Amino acid sequence: MKVPAPGLPARVRIHEVGARDGLQNEKETVPTEVKAEFIHRLAAAGLSTIEATSFVHPKWVPQLADAEALFPLLGDIAEAREVSLPVLVPNERGLERALALGARSIAVFGSATETFAARNLNRTVDESLAMFEPVVARAKADQVHVRGYLSMCFGDPWEGAVPVARVVKAAKALMDLGCDELSLGDTIGVATPGHVTELLTALNATGVPTPSIGVHFHDTYGQALSNTLAALQHGVTTVDASAGGLGGCPYAKSATGNLATEDLVWMLNGLGIETGVDLASLTATSAWLAEHLGRPSPSRTVRALTPPPSSSPTRSE
Ligand code: HMG
Ligand code: MG
């Protein structure tokens, strides 16, 4: 049943990260054709922004080392369905690889903390910004859309609490490079709603407007939906989520799955907020992928909506 609540946006754009954030964290590398089918099914379910892969060093993230093989398999989606297929790019080498394949939307990914910057990018925070600078400049010159991810915005597994002022400084520096949008990563899922509101308010105060901010919650402590609601109440209309709740980060211990797209769509449907996503088709896609991965989806909504396999024994009362 649809029961709208006051003060929420009419429409939310879901930035689907399952194929990248999700699959980068799988122990077994998923075959390229399965990834391509996954992304096609996500597009058919109505997702309009589907992060496809990463042009990072293949030794750092071997699960996505097939980016050159995968991206060309997705050309029809971008054309026929007007779906945006962002890819992660850490440096100029990554940008060259992405542009060579015709990528039109990229994401650089910085960190609010020094430890994660070192572990994820082999750089300090300032060195990472220096690495991104020519990437963003070149992308903008080519009219390529640029997202700036910022990780560890609410807490860091090595450094603990991360002060809001520090996050704001790093976010502002990232946006000052010329990024079109900012995604606030709760990489290890420790945020709570008041913290979300405080950070968004502080970002607005330094001149980062709400329409350019997206939120990227992980569900480690079951707070991802509450945090999303706090962000929506603040006016945020871009929410990152991962089909079936896949995900984590190979360079952040305790980063568990992302907010599941199905759980998000269930809540947004109930609130009467448009997403353009067909929940049944999305759920079937995640159930299909879970079968391929050999374990059930952690998404509560996928579990609730997926009929048990017909071969399972029926319980006698
Ligand atoms: P480095 O070892 O410092 O690299 O790694 P380098 O610049 O010293 O270069 C060394 C060699 O790597 C060179 O080759 C380069 O050409 C090559 P050589 O001259 O020795 O033959 N190289 C590359 N090859 C292919 N593609 C490239 C590339 N770059 C250099 N792009 C580097 C630095 C940034 C490359 C490395 O640290 C890296 O790839 N890191 C990526 C880590 C990653 O993908 N992490 C997961 C994504 S972040 C995340 O999940 C969080 C997020 O979801 C939000 C949240 O939840 O918080 C976004
Ligand atoms: Mg993430």
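The structure we're discussing is the one just above.
So, here is what we can say about the structure in this document. (Residues numbered from 1 in each chain as written. Chains lettered and ligands numbered in written order. Predicted model: local features only at pLDDT ≥ 70, side-chain atom pairs only at ≥ 80, totals over all residues. Heavy atoms only, no water.)

1. What about the overall build of the protein chain?
- When helices and strands are tallied, the protein chain shows 13 helices and nine strands.
- A compact globule built from 317 residues would reach a C-alpha radius of gyration of about 20 Å, and the protein chain, at 19 Å, matches this within 12%.
- For the C-alpha atoms alone, the extent of the protein chain along its principal axes is close to 65 × 45 × 40 Å.
- Relative to its 317 residues, the protein chain shows a buried fraction of 54%.
- Pairs at least 24 apart in sequence give 76% of the contacts found in the protein chain among residues at least 6 apart.
- Placing the 25 positive and 34 negative side-chain charges of the protein chain at their respective mean positions leaves the two points 2 Å apart. (Helix = DSSP H or I, 4+ residues; strand = E, 2+ residues; numbered from the N terminus. Rg over C-alpha atoms; globule rule 2.2 N^0.38 Å. Buried < 20%, exposed > 50% of the residue type's maximum accessible area, 1.4 Å probe, protein only. Contact = heavy atoms within 4.5 Å. Lys, Arg positive; Asp, Glu negative; His and termini not counted. Charge placed at Lys NZ, Arg CZ, Asp CG, Glu CD.)

2. So, the site of ligand 1
- Every one of the 27 residues lining ligand 1 counts as a neighbour, but His-57, Asn-91, Arg-123, Ser-151 and Thr-187 are closest to it.
- Gly-94 is positioned with one of its backbone polar atoms (N or O) 3.4 Å from a nitrogen atom of ligand 1.
- Here Asn-120 contributes a side-chain N or O atom positioned 2.8 Å from a nitrogen atom of ligand 1.
- Compared with its free state, where it exposes 1,100 Å², ligand 1 has 75% of that area covered by protein.
- Counting only elements with at least two residues in the shell around ligand 1, the list comes to helix H1 (18-22), helix H5 (92-100), helix H6 (114-121) and strand S6 (145-151).
- Looking at the shell around ligand 1 element by element, the count peaks at three residues for H5. (Near = heavy atom within 4 Å. Polar contact = N/O pair within 3.5 Å; in protein donor to acceptor, adjacent residues only side chain to side chain. Areas by Shrake-Rupley, 256 points an atom, 1.4 Å probe, with all protein chains shown as cover.)

3. Topic: the pattern of salt bridges
- Under the counting rule described, the total for this entry stands at 13 salt bridges.
- Notably, a salt bridge pairs Glu-26 with Arg-295, separated by 2.4 Å at the nearest N-O pair. A residue pair is termed long-range when its members are at least 10 positions apart, and Glu-26 in the loop between H1 and helix H2 (32-44) and Arg-295 in the loop between helix H12 (279-293) and helix H13 (300-305) qualify at 269 residues.
- One salt bridge connects Asp-176 with Lys-172, and the closest N-O pair in it is separated by 3.3 Å. In this pair, Asp-176 and Lys-172 are both assigned in helix H8 (residues 164-176), four residues apart and thus about one turn of the helix distant. (Salt bridge = Lys/Arg side-chain N within 4 Å of Asp/Glu carboxyl O.)

4. Quick notes on the environment of Glu-92
- One can find Glu-92 in helix H5.
- In sequence terms Glu-92 and Arg-41 are 51 residues apart; their C-alpha atoms lie 31 Å from each other.
- Once residues lying within four places of it in the same chain are set aside, the contact partners of Glu-92 are Pro-134 and Val-135.

5. Observations concerning H5
- Turning to H5, its buried residues are Gly-94, Leu-95, Arg-97, Ala-98 and Leu-99.
- Tucked into the core, H5 has its buried residues touching helix H3 (67-70), strand S4 (87-88), strand S5 (105-111) and helix H7 (125-141).
- Among the residues trailing H5, Gly-102 stands out with phi positive, at a value near 90 degrees.

6. Concerning the sheet that holds strand S7 (residues 181-186)
- Read across the sheet, nine strands follow the order S2-S1-S9-S8-S7-S6-S5-S4-S3 without closing on themselves; strand pairing throughout is parallel. Sheet topology places strand S2 (49-50) and strand S3 (53-54) at the edges, where each strand pairs with a single neighbour.
- Together, S5, S6 and S7 form the strand contacts of H8, whose direction differs from that of S6 by roughly 165 degrees. (Pairing = 2+ DSSP bridges. Axes fitted to C-alpha atoms, helices over the stretch in contact; angles between N-to-C directions.)

7. What to know about the coordination of the magnesium ion (ligand 2)
- Taken together, the protein ligands of the magnesium ion (ligand 2) are Asp-21 (OD), His-216 (NE2) and His-218 (NE2), with distances of 2.1 to 2.5 Å.
- In terms of primary sequence, the donors binding the magnesium ion (ligand 2) are separated according to D-x194-H-x1-H. Residue Asp-21 is found in helix H1, and its partner His-216 is found in strand S8 (residues 213-217); the two are separated by 195 residues along the sequence.
- A relative accessible area of 3% means that Asp-21 is categorised as buried. (Donors = N, O, S within 2.8 Å, 3.2 Å for Na, K, Ca; no water.)

8. A short note on the packing of aromatic side chains
- Tallying each qualifying case throughout the model produces three aromatic pairs.
- Judged by centre distance (6.2 Å) and plane angle (50 degrees), the ring pair of Phe-154 and Phe-217 falls under tilted. One end of the pair, Phe-154, is in the loop between S6 and H8; the other, Phe-217, is in strand S8, with 63 residues separating them in the sequence. In this structure, Phe-154 and Phe-217 share a single accessibility class: buried.
- Here the guanidinium or amino end of Arg-147 rests over the ring plane of Tyr-149, the centre of that ring lying 4.9 Å away. (Phe/Tyr/Trp six-rings, centres within 6.5 Å; stacked < 30°, edge-to-face > 60°. Lys NZ or Arg CZ within 6 Å of the ring centre and 35° of its normal.)

9. Comments concerning H2
- A rise of 1.5 Å per residue sets the reference length of H2, with its 13 residues, at 18 Å; its end C-alpha atoms lie 18 Å apart and thus fit the reference within 8%.
- Buried within H2 are the following residues: Thr-32, Val-34, Lys-35, Ala-36, Phe-38, Ile-39, Leu-42 and Ala-43.
- At its buried positions, H2 is contacted by strand S1 (13-16), H1, S2, H3, helix H4 (75-80) and H12.
- Gly-46 sits one or two positions beyond H2 and adopts a positive phi of about 105 degrees. (Expected span 1.5 Å × (residues − 1).)

10. Regarding the side chain of Arg-147
- If you trace the backbone, Arg-147 turns up in strand S6.
- There is a polar contact of 3.2 Å between the side chain of Arg-147 and the side chain of Tyr-149.
- Within polar-contact distance, the side chain of Arg-147 engages the side chain of Glu-181 at 3.3 Å.
- With sequence-adjacent residues up to four places away left out, Arg-147 is seen in contact with His-15, Glu-51, Ile-106, Ala-107, Val-108, Cys-179, Glu-181, Ser-183, Thr-238 and Asp-240.

Read these as spatial facts, not as claims about activity.
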